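If you want the building blocks of each chain, they are given just below.
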Amino acid sequence: MTFLKRLLFSFILCVGFGLAAPTLSSAGAQTNYPVDGVANRDATTSTPIKAEIWALESVGNTIVAGGKFTEVADRSSGRRIPQPYLAAFNASTGEFLPGVRTAPNGPVYDIKSLGGTRILIAGEFTSVNQLPSTGGLAVIDLATGLVDTSFKAAIAGQDAAVRSVDVSGGWIYAVGSFTSARGGSVATLQSRTRAAKFRLSDGLLNSSWAPALTGGGGWGVDVSGTGVHIGGYFLSANGAANTETLATVNTSNGALVGGWDHGLPWNASANWSTAAGGAVNDLAVVGNRLYVAGAKHRLATLSTTTGAALANEDIRNDGQSVDVVGNRLFVGCHCSVNLEWTREYNA
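Calculation rules
Residues numbered from 1 in each chain as written. Predicted model: local features only at pLDDT ≥ 70, side-chain atom pairs only at ≥ 80, totals over all residues. Heavy atoms only, no water. Salt bridge = Lys/Arg side-chain N within 4 Å of Asp/Glu carboxyl O. Helix = DSSP H or I, 4+ residues; strand = E, 2+ residues; numbered from the N terminus. Buried < 20%, exposed > 50% of the residue type's maximum accessible area, 1.4 Å probe, protein only. Pairing = 2+ DSSP bridges. Axes fitted to C-alpha atoms, helices over the stretch in contact; angles between N-to-C directions. Contact = heavy atoms within 4.5 Å. Polar contact = N/O pair within 3.5 Å; in protein donor to acceptor, adjacent residues only side chain to side chain.

Engineer: Summarise the pattern of salt bridges; cite the residues concerned and give the values.
Structural biologist: Under the definition given, this model contains seven salt bridges. Linking E52 and R41 is a salt bridge whose minimum nitrogen-to-oxygen distance equals 3.4 Å. Within this pair, whereas E52 is found in the loop between β3 (37-41) and β4 (53-59), its partner R41 is found in strand β3, the two being separated by eleven residues in sequence. For E52, a relative accessible area of 14% puts it in the buried group. Owing to a relative accessible area of 28%, R41 belongs among the partly exposed residues under this scheme. Several salt bridges share partner residues, and in doing so they unite D36, R75 and E95 into one network.

Structure (structure tokens):
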């Protein structure tokens, strides 16, 4: 998520509560611009975290928001417009774009721009626009709001959801909470343990890539060269020791990368242990550094090539998101004690 999208994320959340949204000028001054927002969180989903918006993506002059909301709050009329889980807004005016009425039947947790007006959405839905083979993943054309039916994919399992995706080399790497998946022209579900790889062109499930996350789901994924970094709430990856909450697997078959220091730097903080509630909520790769944020109260910087810990800092509360813009690292958290909601570091 870029810094611009993080700012707009704040805008939409604020307006949902009737507040004006600040934007930064080149001189650093703030000007308040009202924007439309979202409201009425769906409390029936498997994720108990109380957040309306889970994902934002910019596509030209459009901001696409995904999450657990079920309505758009129109600021000019005061009306609540039914528009569950996915909504588009004009990036310049903040106005809701009613022409984009794509209808997933469950929350959207991640969005990726595919170029032009096409986006990939991922989440806890079993269909989009009531079409088959759109469970957990779907490709949408924002120009029409229609599903690209040449891409077919689906996941299954109790409370099945895709929580994070990354696109690299013509493939989609997906992690979340699911036990089987299918795609392309193949209608038969194949066993997968919370991680799967789909061909971007048609959704075909890769038959070789099958890492297994046990004891909990995947919440973040980022591809770096031939390594796929996965973070989450799992107890182990591929059943190996010392892979709790963070592991790096290869892009070919999902095997653990040999010599990589999997897991997190436990010796620096006992809070990273899952027994104490530790987990990875988000991660980001920039160059040869992997930034990892999560519970409890830590930000770790690791080498992408070896997994060696370069830094491990106390951010005083859980980190929910991490991103790098230029040479600045931004950590989104529910922080306190003289910290803002987005903490900024030198990268």
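The rest of the description comes next.
Engineer: Could you give an account of unusual backbone geometry, with specific residues and numbers?
Structural biologist: One non-glycine residue, D159, adopts positive backbone phi at about 50°. Tracing the chain through its elements places D159 in the loop between β14 (153-156) and β15 (161-168). Taking relative accessible area as the criterion, D159 reaches 45% and is therefore assigned partly exposed. Phi is positive for R194, close to 70°, though the residue is something other than glycine. For R194, a relative accessible area of 23% corresponds to the partly exposed category.

Engineer: Give me the lowdown on the pairing of strand β9 (residues 108-113), citing residues and values where you can.
Structural biologist: Pairing of β9 with strand β10 (residues 118-123) involves five bridges; the strand directions are antiparallel. Bridging from a neighbouring strand, K112 pairs with L120 of β10. Between β9 and β10, which pair antiparallel one after the other, the connecting turn spans four residues, and G115 there sits at a positive phi close to 95°.

Engineer: Give a detailed account of the sheet that holds strand β6 (residues 69-73), specifying residues and quantitative values.
Structural biologist: Strand order in the open sheet formed by three strands is β3-β6-β7, with antiparallel pairing between adjacent strands. The outermost strands of the open sheet, each flanked by one partner alone, are β3 and β7 (80-82). Here the average twist between neighbouring strands, direction ignored, is 40°.

Engineer: Kindly report on the environment of T70, identifying the contributing residues and their values.
Structural biologist: Looking at the element boundaries, T70 is found in strand β6. Separated by 14 residues in the primary sequence, T70 and P84 have C-alpha atoms spaced 3.6 Å apart. Those residues in contact with T70, other than ones at most four positions away along the chain, are A39, N40, D42, I81, P82, Q83, P84 and Y85. In terms of polar contacts, T70 uses its side chain to reach the backbone carbonyl oxygen of N40, at 2.8 Å.

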